Amino acid sequence: MVRILAVILIWFVFRSAAAVSAAVEPVAPLEPAAQLDAAKVHLGRKLFHDPRLSRDNRLSCATCHDLRAGGDDGRAKSIGIDGEPLEFNAPTVFNVSGNFRLNWRGNFRSLEEQNESVLLNARIMNTTWRELLSKLGDVPDYREDFRAIYGGSPARFSVLDALATFERALITPNSGFDRHLRGEAGAISPAAEQGYQLFKSYGCVACHQGTNFGGNLFQPFGIFDDPFREPADGHAAPSPLERLSGEAGRRLFRVPSLRNVAVTAPYFHNGRTNSLAEAVEIMARSQLGRTLPKHDVRLIVQFLQTLTGEYEGRLLSDPDRHQQ
Amino acid sequence: MTALRTLGLIAAALMLLLTYLLVRSTSPDAARHQRVLDALSAATLNEAALQRDVLQARAGLIRNYDPLVRSVEGLRGALADLRMAGWTTRGIAQAVIDPDVERHVARLAAAIEEQEALLEQFKSRNAILQNSLIFFLHVSQQSRPLNENEDAAAIEMGTLANAMLRFTADPRGEASADVAASLDRLAQLPAQEDWRQSFGTLDVHGRLIMAVLPVVDDLVAHLLAAPPSERTKELQQVYLDVHGRAVAQANAFRTLLYAAAILLAGYVAFLFVRLQANARALQDREARLHQAQKLEAVGTLAGGIAHEFNNILGAILGHAEMALSPRAGAAAVRRHVEQIMTAGQRARGVVDQVLTFSRRSEPRHHPFAVQAVAAEAIDLLRVSLPATLDLRMTLRAPDARMRGDPAQLQQVLMNLCANATHATEGRGTVDIALDTVAVASDRALSHGSLSPGRYVRLSVADNGHGMDAPTLQRIFEPFFTTKEAGRGTGLGLPTVHGVVAAHHGAIDVQSAPGAGTRFEIYFPQIDDRAGEEGARDAALRRGEGETILLVDDERDLVRLGEEMLAELGFEPVGFDDSTLALAAFRVDPQRFDLVLTDEVMPTMTGTELAAAMHRLRPDLPVVLMTGYAGPAQIDHVDDAGIREVIRKPLLSANVAACLARHLH
């Protein structure tokens, strides 16, 4: 009796949230890429795959962002032009235009800024505009393309514009879950549907929401549990409140999008795990302060697998993961 | 030169002034103004949407942050457009940054930056808060302490829920302490390990809600205080103020520009009026000059006539006095009277020429072949000019035709040849040439000018003494003559000039002292064969063997006339003495069908002869030829049965037409 009263009271407290959650989903399906200049997209695709964009023609954008896989390189951390691992895992380039900031730290607002930084970064493409433009200007094919589209020889603005336009076209619509959201019966399995409900009720959706299931806010990594702490480390963890205030700056990450998450292993900024289930468990522990039952983790993973979309009419896949 | 420089300076100054006014009167760019206004309203709208969405997110009504991201993007886009709000265009290319507007834009940018930082915190904290609230709901629904203290736990859970309800309604009140106390009590309940574990999580989330909710509400309060909307409002005010001032200034300068335009228009009107007045004055002066020239010409004319008549009067009076002298014999008296007659005839010739010169009536013009007419005239010239003169002719226009009066053309040729004879003093060479020329472009001649077209050119060149430039200028003035008194009337070349002008021709004279003189007369050539044929049909109506009595005191002219008449199909009978002619007529008055007689003959004038014949045979047609006379100068024309007076030299066309008129 009393318990029933308590439940009713608590229900009352959260009535609004519950009532709305029934009516409006916190997530939305992807729309196909907006109308983009096809010639620019075509030129951007050539540039994206061209190793001439790096010093000594070693790397292209596609080296770390393989469009035949998940738009990433399947490594924990990408290898720089010097052969050493870079600081972070390479995030997928798919649906990148839906993210409000770019990179793990969210330190770029626009694709053009981000692309330029990668091109000039001494550890990544390590080129200079002078070198890059002169190399592109020596290719008759490029000269013709740039003249036709931008009315001049390759320039900083036109190179960045073509690349960014191509990247805006990298949208993966038509995932199982999007079809489900649009009301297609049987688009996802009942288990995945159940996983989605758990995803919402555990609170994952508090951050992974919107069209991109994330990518539109910052959050400190490790609110309830320190994901950086080694398991053997026995010292007392600071309270969540301390983490929120004290170390927020250092631990602050852009919440990544969960679209195509099943084909973009390994996970986290340092690629610490190849297992999606383990990633879900880590997230629950550190961000929700919960330890999830294995069964629930499986269901959530099944839901996450329905977020894989299509690029150029082909469902994305991760060859590395299939081999495992 | 100085005037020109002054004018240039004034024009340059005016240009500068007008350009300056134009530049300053340029209104601020309307498109940019609209864009700024749009950006201002976009900033306001996005800020309002952002505040609304923050409230909804806080209440859990919306549970994704895409709308917030879009609002921030909208704000930033509006800001990018507003960065140019301070750029007020003054003039065509000159842009001035208004520091006031610029400062307000910077303040808005800072406010948006601040708003965005707050918003990022809000999103993070709110996500955690919503997550904890969801968890709280989740646990309250599911967990139950499975022991004997179940009721106590359930009651405490109820208390906790109640406290949490009050806390969420008023985070700053005492409910905070109640929630904490309730959580403490629950922690102390003895319970199994799995309950303890799940309660531990509930405890953490409960305390997190207590800590985060006031922070989130603080953030919401700050976000709703919304400095960007205030800043946008201020910016709008300042911008509209600056814009209004710019527009007012532009309008003022436009008014000035208009005033300048009105002033200039007035000045142009004034100049126009003055120009008109000047032109009228100039016309007046020109007319007076013309009048003066006319008077001068009349003076020359009168002087010339007076001079001529003075000479003639001198001769008449002198001979009359001699005739009246008692010592004069009958023969001498007769000689004197004859001289008086000659002088009188000469005076009549002068009058005739003056009348010809001043005749205004347009002669009957018709197309004719030039070469035949010229050749006829040259034949006449050969007999009348001194034999010492070497007359050469080159006629190379067999098909050329012109429109005009053939007799007048012949008169032109004869006058020119007379002039040449005089210039060579009868012992030189005169070249007469006729050809056609095509004139491609306007050509100026010594007297008149030619427009493009085809022309018949008649040239008369002599190797005489030539003329100097002042003489050349005056040769066509009436009564201007270089001949000694009594040898020229001064009307020959003016007549040529009149005839040529009447035929729309032009004259080119080249001459220099000692180098001879060359006259070239140009007449427009025509193509009108049909008209000419008609004229020729009428002119060359041939005779049918009619016998014509031809009387002239000049033997050569009689021979020439006989040839012409014979050619025309008549039977001529010529006499060079009027007395012999009358005698022959008396023998058989019916023999002749018509009489053609010269007027001036020594023994009996043409009129006397005609009168005598008329008495013998009244139906006989008589045609009088004269070198000078117009009809008015022949007396008793009707009494003498004279049907017509034609002018010498005789033209076959004229003669044929005339004879045809009186024979049929």
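Everything quoted here is computed from the prediction, not taken from an experiment. Counting restarts for each chain, with residues numbered from 1 along the sequence as it is written. Each chain is given a letter, starting from A, and each ligand a number, starting from 1, according to the order in which they appear as written. In keeping with the model being predicted, local features are shown solely for residues with a pLDDT of at least 70 and side-chain atom pairs are shown and tallied solely at 80 or more, while totals for entire chains, interfaces and linings include all residues. Side-chain metrics rest on all non-hydrogen atoms present in the structure, leaving aside hydrogens and water.

Details of the overall build of chain B
Helix and strand definitions here come from DSSP, where helices need a minimum of 4 consecutive H or I residues and strands a minimum of 2 consecutive E residues; each element is numbered from the N-terminal end. Looking only at helices and strands, chain B features 18 helices and 16 strands. A simple rule labels every residue: compare its accessible area, found with a 1.4 Å probe on the protein chains alone, to the largest value its type can have, and call it buried under 20%, exposed over 50%, or partly exposed in between. The burial tally for chain B puts 44% of its 664 residues in the buried class. Residue contacts are counted whenever heavy atoms from the two residues lie within 4.5 Å of one another. Of the contacts formed within chain B by residues at least 6 apart in sequence, a portion of 75% connects residues at least 24 apart. The method behind every accessible area is Shrake-Rupley, applied with a 1.4 Å probe, and residues are considered shielded solely by the protein chains displayed. For chain B, the exposed surface amounts to about 34100 Å²; the carbon and sulfur share of it is 57%.

A word on the overall build of chain A
In terms of helices and strands, chain A carries 15 helices and 4 strands. Looking at chain A as a whole, 51% of its 324 residues are labelled buried. Within chain A, counting contacts between residues at least 6 apart in sequence, those at least 24 apart form 69% of the total. Within the structure as shown, chain A displays about 14800 Å² of accessible surface, and the carbon and sulfur contribution to it stands at 54%.

Describing unusual backbone geometry
Backbone torsion omega between Ala-265 of chain A and Pro-266 of chain A reads -5°, so that peptide bond is classified as cis. Within the element layout of this structure, Pro-266 of chain A appears in the loop between strand S2 (252-254) and helix H13 (276-288). Even without a glycine there, the phi angle at His-504 of chain B is positive, about 60°.

A closer look at the pattern of salt bridges
All names here are of chain B. We define a salt bridge as a side-chain nitrogen of Lys or Arg found within 4 Å of a carboxyl oxygen belonging to Asp or Glu. Under the criterion given, the structure shown has 41 salt bridges over all chains. When the shortest N-O distance is used, the salt bridge between Asp-184 and Arg-207 registers 2.8 Å. Separated by 23 residues along the polypeptide, Asp-184 in helix H6 (residues 175-188) and Arg-207 in helix H7 (residues 193-225) bring together distant segments of the chain. Classification of Arg-207 as partly exposed rests on a relative accessible area of 30%. Close ionic contact of Lys-233 with Glu-230 constitutes a salt bridge, the shortest N to O distance being 3.7 Å.

Details of the packing of aromatic side chains
Residue and element names in this part refer to chain A. Stacked, tilted and edge-to-face are the three classes applied to pairs of Phe, Tyr and Trp rings, where Trp contributes its six-membered ring and a pair requires centres within 6.5 Å; stacked means planes under 30 degrees apart, edge-to-face means over 60, and tilted covers the rest. By the definition in use, this model includes 18 aromatic pairs over all chains. A centroid spacing of 6.3 Å and a plane angle of 90° characterise the contact between Tyr-150 and Phe-157, whose relative ring orientation is edge-to-face. Taken together, the ring pairs in this structure connect Phe-177, Tyr-196, Phe-199, Phe-213 and Phe-303 into an aromatic cluster. Remark: a charge is flagged as sitting over a ring if the NZ atom of Lys or the CZ atom of Arg is within 6 Å of the ring centre and within 35 degrees of the ring normal. Looking at Arg-101, its charged tip hangs above the ring of Phe-100, at a distance of 4.7 Å from the centre. Above the plane of the ring of Phe-253 lies Arg-105, whose end atom (NZ or CZ) is 4.5 Å from the centre.

Observations concerning the environment of Gly-545 of chain B
All names here are of chain B. With respect to the element layout, Gly-545 can be found in the loop between helix H14 (529-539) and strand S12 (547-551). Between the C-alpha atoms of Gly-545 and Leu-565, which are 20 residues apart in sequence, the distance is 9.8 Å. Sequence-distant contacts of Gly-545, that is, excluding residues within four places in its chain, are made with Gly-569 and Glu-571.

Remarks on the pairing of strand S6 (residues 429-439) of chain B
Residues and elements named next belong to chain B. Judged by how many residues are buried, S6 sits mostly within the fold: 8 of 11 residues are covered. One bridge is not enough; two strands pair if DSSP finds at least two bridges between them. Bridging between strand S4 (residues 390-395) and S6 involves 6 bridges; their strand directions are parallel. Looking at the pairing, Met-393 lines up with Ile-432 of S6.

Comments concerning the sheet that holds strand S16 (residues 642-647) of chain B
All names here are of chain B. Taken in spatial order, the 5 strands make up an open sheet running S13-S12-S14-S15-S16, and their pairing is parallel. Strand pairing shows two members of the sheet lacking a second neighbour, strand S13 (571-575) and S16, which therefore form its edges. Within this sheet the neighbouring strands show an average axis-to-axis angle of 20°, counted without direction. Where helices are involved, their axes are fitted lines through C-alpha atoms of the stretch in contact, as for all axes, and angles between N-to-C directions lie from 0 to 180°. Along the sheet, helix H15 (residues 555-567) makes contact with S12, S13 and strand S14 (594-598), crossing S13 at roughly 170°. Against the sheet, helix H18 (residues 652-663) makes contact with S12, S14, strand S15 (622-626) and S16, and its axis sits at roughly 175° relative to S16, the strand it touches most.

Examining the side chain of Asp-435 of chain B
Locating Asp-435 of chain B in the fold gives a position in strand S6. Setting aside chain neighbours within four positions, we find Asp-435 of chain B in contact with Arg-396, Ala-397, Tyr-455, Val-456 and Arg-457 of chain B.

Points about the packing of helix H3 (residues 38-48) of chain A against helix H8 (residues 156-168) of chain A
All names here are of chain A. Between H3 and H8, whose axes approach to 7 Å, the crossing angle comes to 100°. If you check the angle between H3 and H8, you find them roughly perpendicular. Seen from H3, the contacting residues are Lys-40, Val-41, Leu-43, Gly-44, Arg-45, Leu-47 and Phe-48; seen from H8, they are Val-159, Asp-161, Ala-162, Leu-163, Thr-165, Phe-166 and Glu-167. Note that Gly is not counted as nonpolar here; it falls among the polar residues with everything else outside the nonpolar set of Ala, Val, Leu, Ile, Met, Phe, Trp, Tyr, Cys and Pro and the charged set of Asp, Glu, Lys and Arg. Tallied by class, the residues present in the contact of H3 with H8 amount to 8 nonpolar, 2 polar and 4 charged. By the definition adopted for this analysis, an angle is roughly parallel if under 35 degrees, roughly antiparallel if over 145, roughly perpendicular if from 65 to 115, and oblique otherwise.

What about the confidence of the model for chain B?
All names here are of chain B. One number per residue, pLDDT, summarises how confident the predictor is, and it ranges from 0 to 100. On average, chain B scores 82 in pLDDT, and the residues at 70 or more come to 87%. The least confident element of chain B, judged by mean pLDDT, is H14 at 49; the most confident is helix H3 (residues 66-82) at 91. Confidence drops under pLDDT 50 across residues 531-535; counting only partners more than four residues distant or on other chains, this segment forms 7 contacts.

A short note on the environment of Asp-405 of chain B
All names here are of chain B. Within the secondary structure layout, Asp-405 lies in the loop between strand S5 (401-404) and helix H11 (406-423). Under the relative-accessibility criterion, Asp-405 is labelled buried at 18%. A sequence separation of 40 residues divides Asp-405 from His-365, and the C-alpha atoms of the two residues are 5.1 Å apart.

Let's talk about a nonpolar patch on the surface
All names here are of chain B. Taken together, Ile-10, Leu-14 and Leu-17 make up a surface patch of nonpolar side chains, about 240 Å² in accessible area. Structurally, Leu-14 is set in helix H1 (residues 2-24). The class of Leu-14 is partly exposed, set by a relative accessible area of 30%. Patch membership requires more than 30% relative accessible area and the absence of a salt bridge. Residues of like charge join within 9 Å; the nonpolar side chains Val, Leu, Ile, Met, Phe, Trp and Tyr join within 5 Å.

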